[in-house]
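Examining the three-dimensional arrangement
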Amino acid sequence: MLIDSHCHLDRIDLKPYQDNFDCFMQEAEASQIEHLLCIAIDLESYPAMLDLVAGFRQISVTVGVHPNVQDCQDPSVDELVALGQADNVIGIGETGLDYFRSTGDLFWQHQRFRNHIRAAKILKKPLIIHTREAGQDTLRILEEEGAREIGGIIHCFTEDWEFAEKALDLNFYISFSGIVTFNNAKEIKEVAKKVPADRFLIETDSPYLAPVPFRGRPNYPTYVRYVAEHLAELCGTSLNKIADLSTENFYTLFKLKPL
Ligand code: NI
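Here's what I pulled together on the structure shown here. (Residues numbered from 1 in each chain as written. Predicted model: local features only at pLDDT ≥ 70, side-chain atom pairs only at ≥ 80, totals over all residues. Heavy atoms only, no water.)

**A few points about the overall build of the chain**
- Helices and strands together make up the secondary structure of the chain, namely nine helices and eight strands.
- Taking 2.2 N^0.38 as the reference for a compact globule, 259 residues should give roughly 18 Å; the C-alpha atoms of the chain span a radius of gyration of 17 Å, in line with that estimate.
- On the principal axes, the C-alpha backbone points of the chain span a range of 40 × 40 × 35 Å.
- Taken over 259 residues, the chain has a buried fraction of 58%.
- Long-range contacts, defined here as pairs at least 24 residues apart, represent 71% of the contacts in the chain between residues at least 6 apart.
- Accessible surface, the chain as shown: approximately 11,500 Å² in total, 48% of it carbon and sulfur.
- Averaged over its 25 positive side-chain charges, the chain has a centre that lies 4 Å from the centre of its 39 negative ones. (Helix = DSSP H or I, 4+ residues; strand = E, 2+ residues; numbered from the N terminus. Rg over C-alpha atoms; globule rule 2.2 N^0.38 Å. Buried < 20%, exposed > 50% of the residue type's maximum accessible area, 1.4 Å probe, protein only. Contact = heavy atoms within 4.5 Å. Areas by Shrake-Rupley, 256 points an atom, 1.4 Å probe, with all protein chains shown as cover. Lys, Arg positive; Asp, Glu negative; His and termini not counted. Charge placed at Lys NZ, Arg CZ, Asp CG, Glu CD.)

Written as structure tokens, this is what we have:
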């Protein structure tokens, strides 16, 4: 069984499923996806996201505002804590820093990131971290805000081993997406070989970043198998082993029991 630790279910293309989310979930089950973590991007679309996944016990959610979303409601610590108290909210994010898509004075991004960490510590729920071209500042703010206390996930890992070591030291798990299957992702493949077996996760980040052989096309949580297969190949082990380890790691991090 597999777990997609990061997907945006309210953004996937349901056309191949007759625009029917139930149909999609049936295929997910048939593809042995045992749990999905649906990640929030902003607060404006949050109620609709919750409605979509309501009733599916195998879907958990997070609450947060993505670092690239501007012109939106910027949540206070109190707002995040209020929304984050729901039982199906198991993590806070995605949050972090992105100096690639956002430029200029990014004080607002830092402040938003700090608010998410503070809320996560109050709620005692792990953080889902997005970082792009901002590795040093991401690590520094995590350290300054005491994120070690709760840990979380460095999602869609695209950094080097030096970063990974520091993140592991801060109690974070390293999550590999379809990017690890790309031919040019040499450094990420090296990290995948070195990450301890009890500290990695797998994800799709669907509908973005489809793994090989679907690169450039819409992505689906069912493709998490391709990420697992690639990791198995890199690490010289079996798909089943990667599936079992990543599933166990997910339940350990979020203190959940299999359904
Ligand atoms: Ni994402």
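Still to come is the rest of the account.
**Quick word on the pairing of strand E5 (residues 127-132)**
- Most of E5 sits out of view: five of its six residues are buried.
- Bridge count for strand E4 (residues 89-98) against E5 is five bridges, and the pairing is parallel. By the bridge assignment for E5, Ile92 is matched with Leu127.
- Read from E4 through helix H4 (residues 107-123) to E5, the crossover connection turns out right-handed. (Pairing = 2+ DSSP bridges. Right-handed = clockwise from strand over helix to strand, strands pointing away.)

**Observations concerning the nonpolar core**
- Judged by nonpolar contacts, the single largest core of 76 residues is most densely connected at Leu9, Phe24, Leu127 and Phe176.
- For Leu9, the residues in contact, after removing those within four places along its chain, are Phe21, Phe24, Leu36, Cys38, Leu52, Val53, Ile59 and Pro221.
- Membership of the second largest hydrophobic core comes to 12 residues, among which are Ile3, Ile153, Tyr173 and Phe250. (Core = buried A, V, L, I, M, F, W, Y, C linked by side-chain atoms within 4.5 Å.)

**Things to note about the coordination of the nickel ion**
- Coordination of the nickel ion by the protein involves His6 (NE2), His8 (NE2), Glu94 (OE) and Asp205 (OD), with metal-donor separations of 2.2 to 2.3 Å.
- Geometry at the nickel ion is irregular, judged from the four donor atoms that bind it and their angles of 82 to 173° at the metal.
- Read N to C, the donor residues that coordinate the nickel ion are spaced as H-x1-H-x85-E-x110-D.
- A residue is classified by how much of its surface remains accessible, and His8, at 1% relative accessible area, is buried. (Donors = N, O, S within 2.8 Å, 3.2 Å for Na, K, Ca; no water. Tetrahedral: all angles 85-135°; square planar, octahedral: opposite > 155°, others 65-115°.)

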